[in-house]
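Observations on the model geometry
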Amino acid sequence: MSDLRVAVLGVGVMGSYHAAALAERIAHARVTVVSDADGPRAERVARAVGARVEADPLAAIDAADVDAVVIASPGFAHEAQVLACLDRRIPVLCEKPLTLTADTAYRIVEREATLATPLVQLGFMRRFDAEYAALRSLVASGELGAPLLLHCVHRNPAQSDAFTSEMMMRDSVVHEADVARFLLDEEIVAVTVKRPRASREAPPGVSDPMLVLMETESGRLVDVEISGRSRVAYEVRTELVAEHGNAMIGLDGGPLVARTGGVRGRVQTAGFIERFATAYDTELQRWVRAARRGTVDGPGTWDGYAAVAVCAAGVEAVRTGARVPVELAPRPVRAAA
Ligand SMILES: NC(=O)c1ccc[n+]([C@@H]2O[C@H](COP(=O)([O-])OP(=O)(O)OC[C@H]3O[C@@H](n4cnc5c(N)ncnc54)[C@H](O)[C@@H]3O)[C@@H](O)[C@H]2O)c1
Ligand SMILES: O[C@H]1[C@H](O)[C@@H](O)[C@H](O)[C@@H](O)[C@H]1O
């Protein structure tokens, strides 16, 4: 079978990383088309990976030399681009968040359910990270007894001023919503957000950090500390508390000594690329293998929708200070092949 010919839409931080991975490290795939709202950036990346530029992302999806699409444009652009891939019935790896609202995400779930096979994989790369996979296996083994609580820390050392409280919810907490669903295997039914005194590193009006409390169907609690501007390093930790034990991932070995200037006992990962480099490539390789068979292999539209719905409730909870229920629409049954 010939190599999968991939269009990459959006070649900023994430898209250019995926494009380079496809060109250099991922087997059985190559980038044929690059599209980005920033023309010179598209040209630069296309040159580096040996692809051509298509200015209009929808034309890239329709191009004859494209078998599958990686969407790494900003969240607001995902809906139209994913729907166009579904119209053409080609596999897509869409970065999180699936869309910006629960309604638009659900429309994609419904549309995809009319097709014989799933075609959309979500970029929840933590599911491909060895530590998260090990924690999930440990939970599934029953060795720790029933899970009760999940404590999550998600600290970015720095973000641009565009990273408002809403963006922190939609772009960052969305990973924690997915991790909670992945590890606990149930839906989240309500979200409450507490806003402590804001860091002076945050722009006026931005609640950074925040504490997000998610409640699951069976009554488990998931707390998330989300920070956009910790000025330390990229720290992502998850601790599961169960009836007979607990387990933590995201420690970098060594005792906690000091936390400043990127150092905590030893050098920390600077950002998400460094922390999740292997997970991104594993995710992409699995997607390529599945896409060559016309399907996907990883979190899908339902996972994307559920996480968007949780974050939409989170945005509402930030605004109102209230506990906001998450009401998921019915999960559609796929039409027979
Ligand atoms: N899974 C992860 O860990 C992870 C990490 C970073 C970003 N992301 C996601 O990847 C996506 C991109 O984030 P980023 O950090 O690379 O942002 P970025 O701003 O660095 O890059 C986005 C690029 O998209 C381009 N663009 C804007 N509108 C477009 C459109 N309609 N069609 C095509 N390109 C368009 C911009 O010019 C820019 O080059 C977002 O959905 C983000 O949430 C995921
Ligand atoms: O877009 C990024 C990305 O999704 C990272 O994985 C996450 O840790 C960051 O908080 C977010 O800003």
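Treat the numbers as computed from the prediction; the structure is a model and nothing was measured.

Scoring rules and cut-offs
- Starting from 1, residues in each chain are numbered consecutively following that chain's sequence as written.
- All chains are assigned letters beginning at A, and all ligands numbers beginning at 1, according to the order in which they are written.
- pLDDT decides what is reported in this predicted model: residues at 70 or higher carry local features, side-chain atom pairs at 80 or more are listed and counted, and totals for whole chains, interfaces and linings draw on all residues regardless.
- At least two DSSP bridges between two strands are needed for those strands to be called paired.
- Secondary structure is summarised from DSSP: a helix means a run of H or I of at least four residues, a strand means a run of E of at least two, and numbering begins at the N terminus for each.
- Each residue gets a C-beta atom placed from its backbone, and two residues are in contact if those atoms lie within 7 Å.
- Between the N-to-C directions of two axes lies an angle of 0 to 180 degrees, each axis being a line fitted to C-alpha atoms and, for a helix, fitted only over the stretch in contact.
- In these notes, a nonpolar core means any group of buried Ala, Val, Leu, Ile, Met, Phe, Trp, Tyr and Cys residues linked to one another through C-beta atoms within 7 Å.
- Whether a residue is buried, exposed or partly exposed follows from its count of other C-beta atoms within 10 Å of its own C-beta, namely 20 or more, 12 or fewer, or something in between, respectively; the C-beta atoms are built from the backbone.
- Segmentation of the chain into domains, including their bounds, is taken from an automatic or database domain assignment.
- Nearness rests on one distance test: the residue's C-beta atom, set from the backbone, must lie within 6 Å of the molecule or strand.
- Following the grouping adopted for this structure description, the nonpolar residues are Ala, Val, Leu, Ile, Met, Phe, Trp, Tyr, Cys and Pro, the charged ones are Asp, Glu, Lys and Arg, and the polar ones are all others, Gly among them.
- When an angle is under 35 degrees it counts as roughly parallel; over 145 it counts as roughly antiparallel; between 65 and 115 it counts as roughly perpendicular; any other value is oblique.
- For any pair of crossing helices, the crossing counts as left-handed if the nearer helix is rotated counterclockwise from the farther one by less than a right angle, and right-handed if it is rotated clockwise.
- UniProt positions are given in the numbering used here, feature names are shortened, and annotations may be inferred rather than shown by experiment.

1. Some thoughts on the sheet that holds strand 7 (residues 147-155)
Backbone-to-backbone hydrogen bonds join strands into a sheet, with any given pair of strands oriented parallel or antiparallel. Pairing in this open sheet of seven strands is mixed, and the strands run 12-11-7-10-9-8-15 from one edge to the other. The outermost strands of the open sheet, each flanked by one partner alone, are strand 12 (245-249) and strand 15 (324-325). Sheet analysis places strand 8 (residues 188-194) next to strand 9 (residues 210-216), joined by six bridges and oriented antiparallel. Residue pairing in the sheet places I188 in a bridge with T216 of strand 9. Of the strands in this sheet, strand 7, strand 8, strand 9, strand 10 (221-227) and strand 11 (235-242) are in contact with helix 7 (residues 165-184), which crosses strand 7 at around 145 degrees.

2. Quick look at the nonpolar core
Grouped together as the largest cluster of nonpolar side chains are 99 residues, with contacts concentrated most on V69 and V310. The element best represented in this core is helix 9 (residues 301-320), accounting for 13 residues. When residues of this core are sorted by domain, at least three fall in each of domain 1 (4-125 + 279-299) and domain 2 (126-272). Look past the residues within four positions of V69 in its chain and what remains in contact with it is V6, A7, L9, I61, C85, I90 and V92.

3. Details of the sheet that holds strand 3 (residues 52-53)
Read from one edge of the open sheet, six strands run 3-2-1-4-5-6, paired in parallel fashion. Only two strands of the sheet have a single partner each, and these edge strands are strand 3 and strand 6 (120-122). Packed onto the sheet, helix 1 (residues 13-24) meets strand 1 (4-9), strand 2 (29-35) and strand 4 (68-71) and runs at close to 145 degrees relative to strand 2.

4. Let's talk about the site of ligand 1
Neighbouring ligand 1 are 24 residues, the closest being G10, G12, M14, A77 and E95. With three residues, the top contributor of residues to the shell around ligand 1 is helix 1. Within the shell around ligand 1, the residues separate by chemical class into eleven nonpolar, seven polar and six charged.

5. So, the site of ligand 2
Taken together, N156, D171, S172, H175 and F272 make up the full set of residues adjacent to ligand 2. The biggest single contributor to the shell around ligand 2 is helix 7, with three residues. Here the residues of the shell around ligand 2 sort into one nonpolar, three polar and one charged.

6. Concerning the packing of helix 5 (residues 102-113) against helix 9
At a minimum axis distance of 9 Å, the contact between helix 5 and helix 9 shows a crossing angle of 165 degrees. Between helix 5 and helix 9, the angle is such that the two are roughly antiparallel. Classified by chirality, the crossing of helix 9 by helix 5 is left-handed. In this structure, helix 5 uses A102, A105, Y106, I108, V109 and E112 to contact helix 9, whose residues at the interface are T301, W302, G304, Y305, V308, A309 and A312. Here the residues of the contact of helix 5 with helix 9 are counted per class, giving ten nonpolar, two polar and one charged.

7. Regarding the UniProt feature "domain: GFO/IDH/MocA-like oxidoreductase" (unreviewed entry) in the protein
Mapped onto this structure's residue numbering, the UniProt feature "domain: GFO/IDH/MocA-like oxidoreductase" (unreviewed entry) falls at residues 132-246. The annotated region residues 132-246 carries 26% helix and 35% strand content, and the separation between its end C-alpha atoms amounts to 14 Å.

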